[in-house]
Amino acid sequence: MSLQDIKTRIAKAETAAGRPAESVTLIAVSKVQPNERVAAVLEQGQRCFGENRVQEAAGKWPDFAKEYDDIDLHLLGPLQTNKARQAMELFNAIHTLDRPKLAKSIARLAQELGHCPDLFIQVNTGAEPQKAGILPEEADGFVAECRGLDLPVKGLMCIPPVDEAAADHFTQLAEIAARNGLAGLSMGMSGDFEQAIAHGATHVRVGSAIFGARAYDTQA
């Protein structure tokens, strides 16, 4: 499926949900994709990309940034506290703020660096033990804590459990965001982004539907 196909589907989903055109940001998830595939999508005009690992992004995007203007890079994977400085220097947005220790580190670094990426708090809506994210019942308190640290929290992010109806989790995330006055909703991936848009997603994360199957190193 091409980038244009995905954009067309997003536009149709916006219309079906009664939302304005271009109210949804498409994040092209380029993790573990060869540089030639990423370059092909850049050539088609896409500028917003998502990566899961700070190290991988650091080895890929500075070179692309020399060639293409206005790249908008989003961190979608878990962030270790010791990688926070590098992440803040590299990414325009971080979607995985999920614990007080990380929030305090980012706040300290923001003062030191004089800037801070846009932040999304990851909520573990399915309360899955193997997944990162603040639990739903702790989300309101964590939003307040982050605001107390003067962090630029723009919204919430979730990754629904694979064996549950995604729509229920999108609804839950939207409810938490609404009661905390947050406009951003990072939710929806290749298989369910249209549902996410119907539930208010402002950012959808689409990888394989744009790039094809990921080229994981089978020798690793």
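Residues numbered from 1 in each chain as written. Predicted model: local features only at pLDDT ≥ 70, side-chain atom pairs only at ≥ 80, totals over all residues. Heavy atoms only, no water.

A. Up close: the pairing of strand E5 (residues 118-122). Extensive coverage of E5 is indicated by the burial of 4 of its 5 residues. Pairing of strand E4 (residues 93-97) with E5 involves 3 bridges; the strand directions are parallel. Across the sheet, residue Ile94 finds its bridge partner in E5, namely Leu119. On the question of chirality, the crossover connecting E4 to the parallel E5 by way of helix H5 (residues 100-113) is right-handed. Taken together, E5, helix H6 (residues 136-148) and strand E6 (residues 153-157) constitute a β-α-β crossover, and its handedness is right-handed. (Buried < 20%, exposed > 50% of the residue type's maximum accessible area, 1.4 Å probe, protein only. Helix = DSSP H or I, 4+ residues; strand = E, 2+ residues; numbered from the N terminus. Pairing = 2+ DSSP bridges. Right-handed = clockwise from strand over helix to strand, strands pointing away.)

B. The arrangement of the environment of His203 in detail. Within the fold, His203 resides in strand E8 (residues 203-206). On the basis of relative accessible area, His203 is assigned to the buried category, the value being 14%. Residues His203 and Met189, spaced 14 residues apart in sequence, show a C-alpha to C-alpha distance of 9.6 Å. Among residues more than four places away in sequence, those in contact with His203 are Thr25, Ile27, His74, His95, Phe120, Leu185, Ser186 and Met187. At a separation of 2.9 Å, a polar atom in the side chain of His203 contacts the side chain of Thr202. (Contact = heavy atoms within 4.5 Å. Polar contact = N/O pair within 3.5 Å; in protein donor to acceptor, adjacent residues only side chain to side chain.)

C. The arrangement of the environment of Cys158 in detail. Looking at the element boundaries, Cys158 is found in the loop between E6 and helix H7 (166-179). The buried category is assigned to Cys158, whose relative accessible area is 0%. Considered as a pair, Cys158 and Ser186 are 28 residues apart in the sequence and their alpha carbons are 6.8 Å apart. In this view, Cys158 contacts Val123, Thr125, His169, Phe170, Leu173, Ser186, Met187 and Arg205; residues no more than four positions away in its chain are not counted.

D. Highlighting unusual backbone geometry. If you check the backbone angles, Glu22 has positive phi at about 60 degrees while not being a glycine. Mapped onto the elements, Glu22 comes out in the loop between helix H1 (3-16) and strand E1 (25-29). In the Ramachandran plot, Asp150 falls in the positive-phi region, its phi being about 65 degrees despite a non-glycine side chain. With respect to the helices, strands and loops of the structure, Asp150 is situated in the loop between H6 and E6.

E. The arrangement of the packing of helix H2 (residues 35-43) against helix H3 (residues 54-67) in detail. Between H2 and H3, the shortest axis-to-axis distance is 12 Å and the interhelical angle comes to 35 degrees. Two packed elements cross with a definite hand, and for H2 against H3 that hand is right-handed. Only Lys60, Trp61 and Phe64 of H3 make contact with H2, whose side of the interface consists of Asn35, Val38, Ala39 and Leu42. Here the residues of the contact of H2 with H3 sort into 5 nonpolar, 1 polar and 1 charged. (Axes fitted to C-alpha atoms, helices over the stretch in contact; angles between N-to-C directions. Left-handed = near helix turned anticlockwise from the far one by under 90°. Nonpolar A, V, L, I, M, F, W, Y, C, P; charged D, E, K, R; others polar.)

F. Up close: the pattern of salt bridges. Under the defined criterion, the tally for this structure stands at 9 salt bridges. The salt bridge involving Arg9 is made with Glu194; its shortest N-O contact spans 2.8 Å. In this pair, Arg9 is assigned in helix H1 and Glu194 in helix H8 (residues 193-198), connecting sequence segments 185 residues apart. Arg9 gets classed as partly exposed once you look at its relative accessible area, which sits at 25%. On the basis of relative accessibility, which here comes to 33%, the residue Glu194 falls in the partly exposed class. Between Arg108 and Glu112 there is a salt bridge; the shortest N-O distance is 3.9 Å. Residue Arg108 and its partner Glu112 are both found in helix H5; the two are separated by 4 residues, about one turn of the helix. Ionic contacts of the salt-bridge type, sharing partners, join the residues Glu51, Glu56 and Lys60 into one network. (Salt bridge = Lys/Arg side-chain N within 4 Å of Asp/Glu carboxyl O.)

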